[in-house]
Each structure stands twice: as structure tokens, then as C-alpha cells.
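Next come the chains, spelled out residue by residue.
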Amino acid sequence: MKFKTELARLHKLLASGELARERPQLAQSLGWGLQFLLGAVMAGAPLMDGCGPFGIAAAAQAGGGVAGMACSIGASAGYLLFYGFDTGIRYVAAVSLVFTAAFVFQGHKLGRSWWFMPSCAALFTLLTGILGLAAGTGAGLSNALLQALLAAGSCYFFREALTPGERDTETAEKRHMVALTVLAACLLMSLSGASLAGIASLGRVLAMAAVLAVAYKGGALSGCAVGCALGLAMDAAAFSPPFYAMAYGICGLIGGVFSRSGRLMFLISAILTGAACVICASYNGLRAELVIELLLASTLFFFLPAPLLGALGSAVRPLRLADGEAGLRHYTARRIRGMGEAFRDLYDTVDSATEARNDEDISKLFDRASELVCARCANKSECWNRNYVDTLAVFGDVSAVIRARGLLAAEDLPEHFRERCLKPEALVSAINGELRARMYRRQFRERLVENRGIAYGQYLDVAEVLGNVAEDLQNAYGPDYLARRRLGRYLSGIDLDADISVFRDRVGRLHIVLESTKLKKLLSEPGWLDRLSGVVGVRLCRPIEADAGAEGRVTLMEAEPLSVSVGIASLKKKGESVSGDRGTYFKTDQGTLCVILSDGMGSGEAAAKESAAAVRILERFLRAGVEPAAAMRMLNSMMLLKHDEVWGFATVDLMCVDLFTGETVFYKYGAAPSYVRSGRGVRRIKSETLAAGLMRGGAAAPDVVRLRLKPGSMALIASDGVVAETNDAWLRTLLGQYEGADTKALAREALQMALRQYGCGDDMTVLAMRVDNRA
């Protein structure tokens, strides 16, 4: 009972990887035993109907310590046991020389280099092979060279496979997987001579089971690669044509295609493929043993436990481009959303902490005035001791006058109080001074509360911006693997090696980024953009500003189905050197056309400065992906804080057109009406808000009007120097009857008609837009 308990504990320690820490001496002894067993098994691996150098490679990878001695003893015993004294003695000599070299150089820098022991294995294998040729026991110089090469390569891969620890790069992971495959192939070669009832080879059955497991969990390509590797090892062990490499590789390839159809369907496809391979190779004799071994391997595979298959799948499943990208996006989105919620909580906290101070108690006003005048008065005791109640009654009577008029005169005091008081004028002056001080304090507090509210509101706006970014990350489609594969095949076909990134954003728009030092070859070909569009299946466009200053990079985006032409006409106020209006338009990465018009307060350079700042800040926000409404509110807050002491404002007109759907939104701060022609009618879009820099508190949101523009629709935005709400019939008629498609001509004509109507008493700007299908 005690033995079973101890055995169960050891099994638990082995499974958890804690044996080396809990039982270091036992773990070390087990390691030496495994090294001995590895050397003996590897020595038995045949090569081309002869002895293989894999025992020498195993001894070389074990080093010059006790583990190396154990492995060398095991390899020497294996060579003598499997191949006899005459054949095995030269391999024993090579093993002894390898261990001697490892022991001598084990503390030296040379002995720790990755190439030293593989070189020793190759050198001593070649030397003993040449000595065997001289003694008449060798198989030829070419065989000696091959064995030396295999000894070096096997030593390198054995050491890589048996070295514990995590690999920190993808290349290291791949190298480790290849090393494990080589180690498994050599182990199976040593078992290939073991017979199962005289009808099948144990090594080949295990090799075929391994191919099936890899193909089932790793897919067709992984199954084919491992099948070819293990099949080639079986062919080398049997000294036969590459039949098993062909059969195992094709079984892994075809079986991997059905790896997601369940174990039964997967096994049926693999067995039928193996039978077909036997028939195709029957010209060299019917290899019926393959079918028997495949049936045995299928039975073994069918009963493999799911945890073992799962562990194998995590190791052999091919890495896919951007694996974990969705999880990374969701993780980043959660962090950004948390930041937004923190800013929102910060706003709620500071907003609720602001309490109004009670400064309306008029008795405190009389107290401070009395301290200034009555404290040093000779009649102090008369007024504030003997006639204390009468003095309070006088102050109570004049309180109503102060509240009604906000000011106190000497005549408002009762006559008997004026006769008793030695300084009535000074007292009235002190009370009025306190009244003015209270008024200034009230104004200061109101301004402070207002500015605090504006500043605190920025926390709420930042929270909204972060929330929108988190939503974009959360809802983005992510990589488009199909488009990337198509693009990769096309670029490989024209011999262009490039890093390719293909993904779709939150609205599903395709983005492509190509990075290579050879992109000039692609860009110099006529019609390259149309060919790439055909490859990925969507029409592409190239935003030039996205690659500004970036050598060797091309950014492409899915082209919008709609296009908008914009025409601008402007005229400055008569007598001014510059116009106070500022307008611009641009397209964002989300496929939205933004048109902005701002009219600064007044005219001239001051107005131009205000409107230019408003347009610049708003453009920065919109290009960065901030929602237009939030961007407008932050612009308003900025102008309120900037012009705290003096007046400063600017009207803002923003029009956003989604070039994929035609959805259009107008945002207005005190702007003149805009006009839209969709179909036959003309719609006027008015603004009820004040200009940016004047809107405070809860009324800080802009006017928002939503509509959909179809191809052929036109819109007109103008400053207040062009449009008068009481007389806009001429503009409605012009837009409704305009039959051309030239938006510049329309803007110029509207400006000329406004000039005839109102003269040039103000800055005048017109922006005309037309929506069409992209040619």
C-alpha cells in the first residue's frame, strides 16, 4: 500500500514538472537512466541495411558529464548488442572519442559553442569510417561521408529537442518542432525492425499513427510534412525506394483535408488513400503490409485519449497570421473603455463636489461695516450696549431698501439714528462698500463655477472619445485572411517579397498596407492599382497623405462607391485685407467627406484668426476619428476657456457625408442656413444655437440634422454675408434650377448674386457640393 502511494506521488510530481524541485536526486538519476536508454535505442537505428550513426549523435549531445557517460555506455552497448563486435566496435570507438572530447572541453568556451559537439561527432564518425575502409569492413567513402553528415545533423537536432525551456521567438519554436520530428524519426527507425506477429513493423505502425495524429490536429500541410519526414526515415531504415515517404506524405495530405469531419471520416479517407498508394506502387511488388500497418495505426489513433491529442494539436497546429489579434483588440478595448469610465467617474465626482457658498446673509454685511466704522467710535457703547435692540431694528428696516435698490443712502437711515450716530456717512459708505464687494464675489464665483463646469465637461468629452475608440476596437472585423492570401500569391508571382497587412475596420472597409524595399517595381507597372483591385475583389484607392514621408510603404483602402465634388468661392469684406471666413474639406480614413466653414467674430485679421483656429482644431479631431458632435463640443469649450475675459466666438458649419451610404449629417453652431437639393425640392437647414464660444452649460451641444443624399444631390453652405433668412428665395431658386454639374461655377454664381443683393458689407464665402457615383 505504501509503495502504491509513493508511486502515485511520483507520477503526480512527474506530471506537474515538480520532480526536479521536490526530489532532485531522483530526478537526476532518472535523467541518467533515460540518457542510457536513449543511447542504446539510437544505436539500434539502422541506415541503408547497415549500422547508423545516431548512437554517436546521442552521445555527442549528452556532453561530458555523468549524463554523457551514461549515454555513451548505452550507445556502446547498443552497437555491440545489435550489430555484433566486428561491425559495432568502430562505432564504439567513435562514441568513446566523442565522450573524451566532450569531457576535456566541457568547461571551455569552445565546448559550449553550438557547433563544437556536432563537429566532433562528424569528425570521429568520418575517421572511424575511413579506418574501417582501410580494414576492409567499411561500405565505401560516400557512405562514410553520409554517416558523418548525419551524425553532425542528428547531434544538433537531438540537443535542440532535448533542451528544456520556453522558446522566445517563432523561429525558435519552429526549430524546436523540427528537432522533435527528427528525434522521433530516429527513435522510430530503431523500432522499425521490431515485428508484430510477423505481419507488420512496430516502428512503422507508430510512425503512421503519429502521421495521422499530426494531420488530424495540424491540418493537411503539417500532416504531409511529418508524413514525408517519417516515411523517408522508414525508407532509409528498410533500405528501400521512397515508398513510405510517398505513402505517408499523401495519407497525411489527404487525411488533413478531412481533419474537421470527425475521426471516422478522417480515418476512412486516410485508409483509402493508403490503399490507393499500394495499388499505384504495385509495379514493384504489392506492398500489402502498408494497408495492415495503416489499419493497426488507425485503430491505435482512434483510441488515443483526447487530452493527448489536444496537447499534440497545440504543438503542431500551424501559426496563422495575426493569431491572437482579436483577443488583443478586445483586451485593448477593455482597457480604453476602463479609462473612459474613469474619466466619467472623475466628472461625476468633481461636478457633485461643487457646492454653492451662502453669501446672501445681509446681517454679515452689517457686521463687517460696523467693525470698520463703529469699533473705534466714541459713541460705541451708546449704540451697541444701551441701545443695542434699537440699532438692530434700524439695520433690519434698511435691509428692505438694500434688497430693493441694491444701494443705501444716508437719508434711508431713521432721523433719530442719524442724530445719535457720530459717523452716519461713513457707515453708509462702508455698507455700500460691502455691497459692492459682495457683488464682485458673486460675479467671481459665478465665473469660477462656469469655468469649472467647462473644464469638468472636458472629462466627459474625453470619456466619450475613449468610449468610441474602444467600440471601434471591439467591433472591428480584424484581418481578412482570404484577401491576404490572394494578395500574397499575386505578389509572389511577380517576384515581390513584401510584408502584407490586410484588415477591415468597424464599418467593414478594407485596408491594405504593403511594406517592401522593392515596391517601385510594383508602382512602375501601368494599371497596378486595377490589378490589385481585381486580386482582392474590391475596388481600391490610395490615400497619398497616408504614406507621406514613408519610404517603402503603400497604403490602400477600399474605394468609396460615391464621390463628392466641392467648389468654393470667397470674397473679403470691402476695405479689409483678409477675409474672416475660413473653409476647407477633406476625407477621413473612415470614408467620410467633411466640409467645414467658420466665420470669426467681426472681420479682418482678428476674425480670420478665430475662424482659422476653429477650422484647424476641428479638422484635427475629425481626422483622428473623433465623433463630430464630440469634436464640436470640445471646440466650443476651448473657445469659452480661451476667451474668459473678452468676447470671442466663431460660427461653425460642419457637413459630414458617408461616401459608402450617402448618410449626411449637418452640425451647426450659430451658422447661416444651409440648402440641400435632393430630387426636385430644396430644403433649408437652420441653426438655433449660438456661435461656438457663446454656448454654455447644458446648451453646449450643436444643432444636428440628418438626411441621406443620393447621387445627383447638391448642397450649398454659405456664411452670413451671403445668406439672409428673410430673403433667400433667390438662393433657393438658383439651387433648384441649376442643371450643371460644375460646383465651382455654382459657388461663383451664388456669390455674384449675393453681391448684387447685399453688397460687400461683410465677408462672403460659398461652398457648393454635388454627390455622384464614382466613375
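Residues numbered from 1 in each chain as written. Predicted model: local features only at pLDDT ≥ 70, side-chain atom pairs only at ≥ 80, totals over all residues. Heavy atoms only, no water.

Turning our eyes to something else, we now look at the overall build of the protein. The secondary structure content of the protein amounts to 28 helices and 19 strands. A burial count over the protein gives 44% of its 775 residues as buried. For the protein, the proportion of contacts with a sequence separation of at least 24, taken over those separated by at least 6, is 66%. As presented, the protein carries roughly 39800 Å² of accessible surface, and 59% of it is formed by carbon and sulfur atoms. (Helix = DSSP H or I, 4+ residues; strand = E, 2+ residues; numbered from the N terminus. Buried < 20%, exposed > 50% of the residue type's maximum accessible area, 1.4 Å probe, protein only. Contact = heavy atoms within 4.5 Å. Areas by Shrake-Rupley, 256 points an atom, 1.4 Å probe, with all protein chains shown as cover.)

Attention now goes to helix α11 (residues 220-238). For α11, built from 19 residues, the straight-helix expectation of 27 Å at 1.5 Å per residue is met to within 8% by its first-to-last C-alpha distance of 26 Å. What α11 keeps buried is the set Ala 220, Ser 222, Gly 223, Val 226, Gly 227, Leu 230, Gly 231, Ala 233, Met 234, Asp 235 and Ala 237. Phe 239 sits one or two residues past α11 and shows a positive phi near 50°. (Expected span 1.5 Å × (residues − 1).)

Right, let's get into empty space enclosed by the protein. Considering all chains together, one arrives at 4 cavities of 30 Å³ or more under this definition. Counted as a void, the largest cavity has a volume near 100 Å³. Cys 374, Cys 377, Cys 383, Trp 384 and Cys 421 are the residues nearest the centre of the largest cavity, which is lined by 14 residues in total. Those elements giving two or more residues to the lining of the largest cavity turn out to be α18 (380-386) and α19 (388-405). A per-element tally of the lining of the largest cavity places α18 first, with 3 residues. Along the lines of polarity and charge, the residues of the lining of the largest cavity split into 10 nonpolar, 2 polar and 2 charged. Lining the second largest cavity are Leu 597, Ser 598, Asp 599, Thr 651, Asp 653, Gly 670, Ala 671, Ala 672, Ala 718, Ser 719 and Asp 720. Elements that contribute at least two residues to the lining of the second largest cavity include exactly β12 (592-600) and β13 (650-658). If one sorts the elements of the lining of the second largest cavity by residue count, β12 sits on top with 3 residues. (1 Å grid on protein atoms, 1.4 Å probe; cavity = no way out; pocket = protein on both sides within 12 Å on 5 of 7 lines; lining within 4 Å. Points joined across faces, edges and corners; volume = space filled by probe spheres on them. Nonpolar A, V, L, I, M, F, W, Y, C, P; charged D, E, K, R; others polar.)

Another aspect to go through is the pairing of strand β18 (residues 714-718). The buried fraction of β18 amounts to 5 of the 5 residues, a majority that puts the element mostly inside the structure. The side-chain alternation of β18 yields two buried faces, one formed by Met 714, Leu 716 and Ala 718 and the other by Ala 715 and Ile 717. With 3 bridges connecting them, strand β15 (residues 674-678) and β18 associate as antiparallel partners. Bridged to Val 676 within β18 is Ala 715. (Pairing = 2+ DSSP bridges.)

Moving on, we get to the pattern of salt bridges. Following the criterion strictly, the structure yields 14 salt bridges and no others. Glu 558 serves as the salt-bridge partner of Arg 504, at 3.5 Å between the closest nitrogen and oxygen. Taken together, the positions of Arg 504 in strand β6 (residues 499-504) and Glu 558 in strand β9 (residues 553-558) put the pair 54 residues apart, joining distant regions of the chain. The shortest N-O distance in the salt bridge between Lys 668 and Asp 653 comes to 2.7 Å. (Salt bridge = Lys/Arg side-chain N within 4 Å of Asp/Glu carboxyl O.)

Ranked by size, the top nonpolar core spans 70 residues in total, and within it Leu 212, Tyr 248 and Phe 301 carry the most contacts. Every residue in contact with Phe 301, bar those within four places of it in the chain, is listed here: Leu 212, Ala 213, Tyr 216, Arg 263, Phe 266, Leu 267 and Leu 309. Grouped together as the second largest cluster of nonpolar side chains are 22 residues, Ile 596, Val 615, Leu 635 and Val 652 included. (Core = buried A, V, L, I, M, F, W, Y, C linked by side-chain atoms within 4.5 Å.)

Note on helix geometry: an α-helix contains 3.6 residues per turn, so any two residues three or four positions apart are oriented the same way. Among the residues of helix α24 (residues 528-536), Trp 528, Leu 532, Ser 533, Val 535 and Val 536 are the ones counted as buried. Buried residues of α24 fall within an arc of 160° about the axis and therefore sit on the same side. Among the exposed residues of α24, those pointing more than 90 degrees away from its buried face are Asp 530 and Gly 534. Check the buried side of α24 and you find it contacts α22 (481-493), β7 (510-515), α23 (519-523), β8 (540-541) and β9. Backbone geometry just after α24 places Gly 537 at a positive phi near 90°. (Arc of directions from axis to C-beta.)

The next thing to look at is a negative patch on the surface. Residues Asp 495, Asp 497, Asp 499 and Glu 515 make up a contiguous surface patch of negative charge. Within the secondary structure, Glu 515 is located in strand β7. Judged by relative accessible area, Glu 515 falls into the partly exposed class, the value being 40%. (Patch = residues over 30% accessible without salt bridge, like charges linked within 9 Å, V, L, I, M, F, W, Y side chains within 5 Å. Lys, Arg positive; Asp, Glu negative; His and termini not counted. Charge placed at Lys NZ, Arg CZ, Asp CG, Glu CD.)

Positioned with a positive phi, Phe 239 is a non-glycine residue whose angle comes to about 50°. Along the polypeptide, Phe 239 turns up in the loop between α11 and α12 (243-257).

Next up on the list: the sheet that holds strand β10 (residues 562-571). With antiparallel pairing, 5 strands are arranged side by side in an open sheet as β10-β19-β18-β15-β16. Only two strands of the sheet have a single neighbouring strand rather than two, namely β10 and β16 (681-685). In this sheet, adjacent strand axes meet at a mean angle of 15° when their direction is disregarded. Across the sheet, helix α27 (residues 729-737) lies against β15, β16 and β18, angled at about 30° from β15, the strand it touches most. (Axes fitted to C-alpha atoms, helices over the stretch in contact; angles between N-to-C directions.)

Looking now at the sheet that holds strand β14 (residues 663-669). Think of a sheet as strands paired side by side through backbone hydrogen bonds, with each pair either parallel or antiparallel. Read from one edge of the open sheet, 5 strands run β11-β12-β13-β14-β17, paired in antiparallel fashion. Looking along the sheet, the strands with just one partner apiece sit at the ends: β11 (581-587) and β17 (703-708). The mean inter-strand angle of the sheet, taken between neighbouring strand axes irrespective of direction, is 10°. For β13 and β14, the ladder comprises 6 bridges, and the chain directions are antiparallel. Its bridge partner lying in β14, Leu 654 is registered against Tyr 667. Running at roughly 160° to β12, helix α25 (residues 604-623) makes contact with β11, β12 and β13 of the sheet.

Moving on: the packing of aromatic side chains. This model, assessed by the stated rule, comprises 13 aromatic pairs. Members of the aromatic cluster, connected to one another through ring pairs, are Phe 105, Trp 115 and Phe 116. Directly above the aromatic system of Phe 301 lies the positively charged group of Arg 263, at a separation of 5.4 Å from the ring centroid. (Phe/Tyr/Trp six-rings, centres within 6.5 Å; stacked < 30°, edge-to-face > 60°. Lys NZ or Arg CZ within 6 Å of the ring centre and 35° of its normal.)

Averaged over all residues, the pLDDT of the protein equals 81, while 83% of them reach at least 70. Considering only residues more than four positions removed or in separate chains, one finds that residues 319-323, a stretch of pLDDT under 50, has 8 contacts. (pLDDT = per-residue confidence, 0-100.)

In contact at an axis separation of 7 Å, α11 and α12 are set at 165° when each is read in the N-to-C sense. Of the possible angle classes, the one that applies to α11 and α12 is roughly antiparallel. Of the two elements, α11 crosses α12, and the hand of that crossing is right-handed. For the pair formed by α11 and α12, the contact residues are Ala 220, Gly 223, Cys 224, Gly 227, Cys 228, Leu 230, Gly 231, Leu 232, Met 234 and Asp 235 on the first element and Phe 243, Tyr 244, Ala 245, Tyr 248, Gly 249, Gly 252, Leu 253, Gly 256 and Val 257 on the second. Taken together, the residues of the contact of α11 with α12 sort by class into 12 nonpolar, 6 polar and 1 charged. (Parallel < 35°, antiparallel > 145°, perpendicular 65-115°, else oblique. Left-handed = near helix turned anticlockwise from the far one by under 90°.)

To continue, consider a nonpolar patch on the surface. Together, Ile 130, Leu 133, Leu 141 and Leu 145 line one region of the surface with nonpolar side chains, adding up to about 330 Å² of accessible area. Elements with a contribution of two residues or more to the nonpolar patch: α7 (116-135) and α8 (141-162). Note that Leu 141 resides in helix α8.

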